[in-house]
Amino acid sequence: VYAQDMDEMWDSSSSGKEHKNIQWFKDAKFGMFIHWGLYSKLGGEWNGKRYYGSGEWIMNQAKIPVTEYKKVAQIFNPVKFNGKEWAQLAEDAGMKYMVITAKHHEGFSMFDSKYTDFDIVDATPYKKDPMKSLSMEAGKRGIQFGFYYSQFQDWYEPNGGKNTWDFKESEKDYQKYYKQKAIPQLKELMTNYGKLGIIWFDTPGGLTKKETEDFVNSLRKYQPDCLFSSRVGHGLGDYKDFGDSELPPFTINGPWESIYTHNDSWGYIKHDMNFKTPVEIVYLLANAAARGGNLMLNVGPDGEGNIPEYTINYLKEVGQWLKINGESIYGTTAGLLGQQPWGVSTSKSGKQYLHVLHKPMDGKILIPDFNVTVNKIYLLDGNKALHYEKKGEDLIVSLPVGSTQKSLNDVIVIDYVG
Ligand code: JFZ
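As the structure is a computational prediction, the values presented were derived from the model and not from experiment. Every chain is numbered independently, its residues counted from 1 as its sequence is written. pLDDT decides what is reported in this predicted model: residues at 70 or higher carry local features, side-chain atom pairs at 80 or more are listed and counted, and totals for whole chains, interfaces and linings draw on all residues regardless. Only hydrogens and water are set aside; all other atoms, that is, all heavy atoms of the structure, feed into the side-chain values.

1. Some remarks on the sheet that holds strand β14 (residues 364–367)
Hydrogen bonds along the backbone pair up the strands of a sheet, which may run parallel or antiparallel.
Argument step 1. By the convention used here, strands pair only if DSSP detects at least 2 bridges between them. Numbering of helices and strands runs from the N terminus, with a helix taken as a DSSP run of H or I at least four residues long and a strand as a DSSP run of E at least two residues long. Reading across the sheet, the 3 strands line up as β14-β17-β16 and stay open at both edges, with antiparallel pairing between neighbours. The open sheet has two free edges, formed respectively by β14 and β16 (388–391), since each of these has just one partner strand. With direction set aside, neighbouring strand axes in the sheet form an average angle of 20°.
Argument step 2. Both β16 and strand β17 (residues 394–398) contribute to a ladder of 4 bridges, which runs antiparallel. Counted as the bridge partner of glutamate 389 is isoleucine 396 from β17. Geometry is summarised by axes, namely lines fitted to C-alpha atoms with helices restricted to the contacting stretch, and by angles between N-to-C directions that run from 0 to 180 degrees.

This is the structure in structure tokens:
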């Protein structure tokens, strides 16, 4: 774990004031993260050796020299990429925002940039800018579009952060790197792709708090409505981010997101089949929403531009569940009930949505200390009224007769006053 970044995550908005455009983010609950770059072409393999986990780190894992890594661009030709299909998948999955890697630590720009030749238009046989159609197609579907940008780590640049196998740390001029690449490229991203929902900065470094402030302020002016993730550093982000695959164990106030990846890697790895099932994804989504936050789930397309079959199928199943049960997720706030043996809850005014993640053997759900005037208790799928009884301060709800553990969780709605 990056100890230094842990603080950044917990300390997002130092001013204590929320961003004026934060509401869409709070309501969204479910987003798509996409890690896509030259590493996707390598798929976790270099010189016949297989690597596992964080495929986007292969240049670092195998200590590949820049001169060798550069050549991967010459064979990167993602002809199967289809911005419309990717955006449609996000919509079908019920995702309300999308963040894609514009430049990861490898230093390769997945968009057309004037400030380097090491980009998808200049250095590959593909010669096109995929971010143009993707941003447009997302926008058409009402999906907030954003870029991940590694603002400090850049293993391709002599002055970029963290490449210690090609370059000497003592000879690096980080200011120069920010000035010549990171800042101009961020300006390109913020001016060439329409309205952005988010810039997802990653792993700060090389700048003091004052310098980070200047950096942030210089970018804010291009799109004042665009949110910045907490890893911009020094508490200057607009919402909290939890580290890799981490859910906070309790309700967190203020906007936040947990990031998980569909298998065990962010970037595509051909020998990683450990995909989370729809049940697991809904479980994560319900738990994030129940604690007041979002889930941004990562997908890793391959070097041809295909999203793995399992990801497509499983995400569509989650989308089917959301079509019926979305009311219990989107636009909700943290649940009032905390973690219960049967699951968790989310809130809207006058309503508690019970996400029954584990069905009790006797088919009865106990809601402790919930002494309210109940209007109605019903299953969200089909609005079927459910039998319930009051026992002191507690409420006991009976699941539909014959209800067994189905593949995805049932949502029970308590419509109440008080
Ligand atoms: C970063 C990247 O290094 C990684 O490749 C991936 O893009 C991921 C989403 O973000 O990794 C981090 C950065 C910070 C933490 C964990 C992983 N953190 O603060 O816990």
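2. Observations concerning the packing of helix α9 (residues 174–192) against helix α10 (residues 209–220)
Argument step 1. Between α9 and α10, the least distance of the axes is 10 Å, while the angle of their chain directions is 25°. The angle between α9 and α10 places the two elements in the roughly parallel class. Crossing angle aside, the handedness with which α9 passes α10 is right-handed. For the pair α9 and α10, contact is made by Gln175, Tyr178, Ile183, Leu186, Lys187 and Met190 and by Glu211, Phe215 and Leu219, respectively.
Argument step 2. For this scheme, ten residues count as nonpolar: Ala, Val, Leu, Ile, Met, Phe, Trp, Tyr, Cys and Pro. Four count as charged, namely Asp, Glu, Lys and Arg, and the remainder, Gly too, count as polar. Across the contact of α9 with α10, the residue classes break down as 6 nonpolar, 1 polar and 2 charged. Any angle from 65 to 115 degrees is called roughly perpendicular, while one under 35 is roughly parallel, one over 145 is roughly antiparallel, and all others are oblique. The sense of a crossing depends on the near helix, which, turned anticlockwise from the far helix by less than a right angle, makes the crossing left-handed and, turned clockwise, makes it right-handed. The contact criterion used is simple: two residues touch if any of their non-hydrogen atoms lie within 4.5 Å.

3. Examining the domain arrangement of the protein chain
Argument step 1. Just so you know, the domain bounds were taken from an automatic or database domain assignment. Each assigned domain of the protein chain is listed here: domain 1 (3–328) and domain 2 (335–417).
Argument step 2. Here the C-alpha centroids of domain 1 and domain 2 sit 37 Å apart.
Argument step 3. In this assembly, 15 residues from domain 1 lie in contact with 17 residues from domain 2.
Argument step 4. Of the roughly 1400 Å² buried between domain 1 and domain 2 on both sides combined, carbon and sulfur atoms contribute 58%.
Argument step 5. Buried area adds together the accessible area that both of two parts lose upon being put together, with accessible area traced by a 1.4 Å probe. Area buried by domain 1 at its contact with domain 2 is led by Trp321, Glu327 and Ser328, which between them contribute 37% of it.
Argument step 6. Any Lys or Arg side-chain nitrogen located within 4 Å of an Asp or Glu carboxyl oxygen qualifies as a salt bridge. Counting the contacts that link domain 1 with domain 2 gives 1 salt bridge.
Argument step 7. A salt bridge links lysine 351 to glutamate 327; the nearest nitrogen and oxygen atoms lie 3.8 Å apart.
Argument step 8. Polar contacts, as used here, are pairs of N or O atoms within 3.5 Å; protein pairs need one atom able to donate a hydrogen and one able to accept it. Residues neighboring in sequence count only if both atoms are side-chain atoms. Remark: the boundary between domain 1 and domain 2 carries 7 residue pairs in polar contact (both at pLDDT 80 or more).
Argument step 9. Mapped onto the side of domain 1 that touches domain 2, the elements with two or more residues apiece are α11 (278–290) and α12 (309–325).

4. Some details on the side chain of histidine 104
Argument step 1. When you line up the elements, histidine 104 lands in the loop between β4 (97–103) and α7 (120–123).
Argument step 2. A polar contact is formed between the side chain of histidine 104 and the side chain of tyrosine 148, at a distance of 3.0 Å.
Argument step 3. If near-sequence neighbours (up to four positions away) are discounted, histidine 104 is found in contact with His35, Tyr39, Glu56, Trp57, Tyr148, Ser150 and Gln153.

5. Focus: the site of the ligand
Argument step 1. We call a residue near a molecule or strand when any one of its heavy atoms sits within 4 Å of it. Around the ligand, a shell composed of 16 residues is seen, among which His35, Glu56, Trp57, His104 and His105 lie nearest.
Argument step 2. One nitrogen or oxygen atom from the side chain of tryptophan 57 is found 2.9 Å from an oxygen atom belonging to the ligand.
Argument step 3. A distance of 2.8 Å separates an oxygen atom of the ligand from a polar side-chain atom of histidine 104.
Argument step 4. Elements with a minimum of two residues in the shell around the ligand: α1 (3–10) and β8 (240–244).
Argument step 5. Per-class residue counts for the shell around the ligand are 7 nonpolar, 4 polar and 5 charged.

6. Some points on the sheet that holds strand β13 (residues 351–356)
Argument step 1. On the basis of which strands lie adjacent, the open sheet formed by 5 strands has the order β11-β12-β13-β18-β15 and antiparallel pairing. Where the open sheet ends on each side, the last strands, each with one partner, are β11 (333–334) and β15 (373–379).
Argument step 2. Pairing of β15 with strand β18 (residues 410–417) involves 6 bridges; the strand directions are antiparallel. Paired with isoleucine 377 across the strands is isoleucine 414, a residue of β18.
Argument step 3. Sitting on the sheet, α11 touches β11, β12 (343–348) and β13, and the angle it makes with β12 is about 50°.

7. A closer look at the pairing of strand β1 (residues 30–34)
Argument step 1. Burial analysis of β1 places 5 of its 5 residues in the buried class, the great majority of the element.
Argument step 2. Partly exposed describes any residue whose relative accessible area lies between the buried limit of under 20% and the exposed limit of over 50%, with all areas from a 1.4 Å probe on protein chains only and scaled to the type maximum. Of the two faces of β1, the one carrying Phe30, Met32 and Ile34 and the one carrying Gly31 and Phe33 are both buried.
Argument step 3. Where β1 lies against strand β10 (residues 294–299), 5 bridges are found, and the strand directions are parallel. By the bridge assignment, methionine 32 is partnered in β10 with leucine 297.
Argument step 4. By the bridge criterion, 4 bridges tie β1 to β4 in an arrangement that is parallel. Residue isoleucine 34 lies in a different strand from β4, and its bridge partner there is isoleucine 100.

8. Concerning the environment of serine 218
Argument step 1. Mapping serine 218 onto the fold places it in helix α10.
Argument step 2. Take serine 218: its relative accessible area is 22%, and that puts it in the partly exposed class.
Argument step 3. Between the alpha carbons of serine 218 and isoleucine 183 there is a distance of 8.7 Å; along the sequence they are 35 residues apart.
Argument step 4. Among the polar contacts made by the side chain of serine 218, one reaches the main-chain carbonyl oxygen of phenylalanine 215 at a distance of 2.8 Å.

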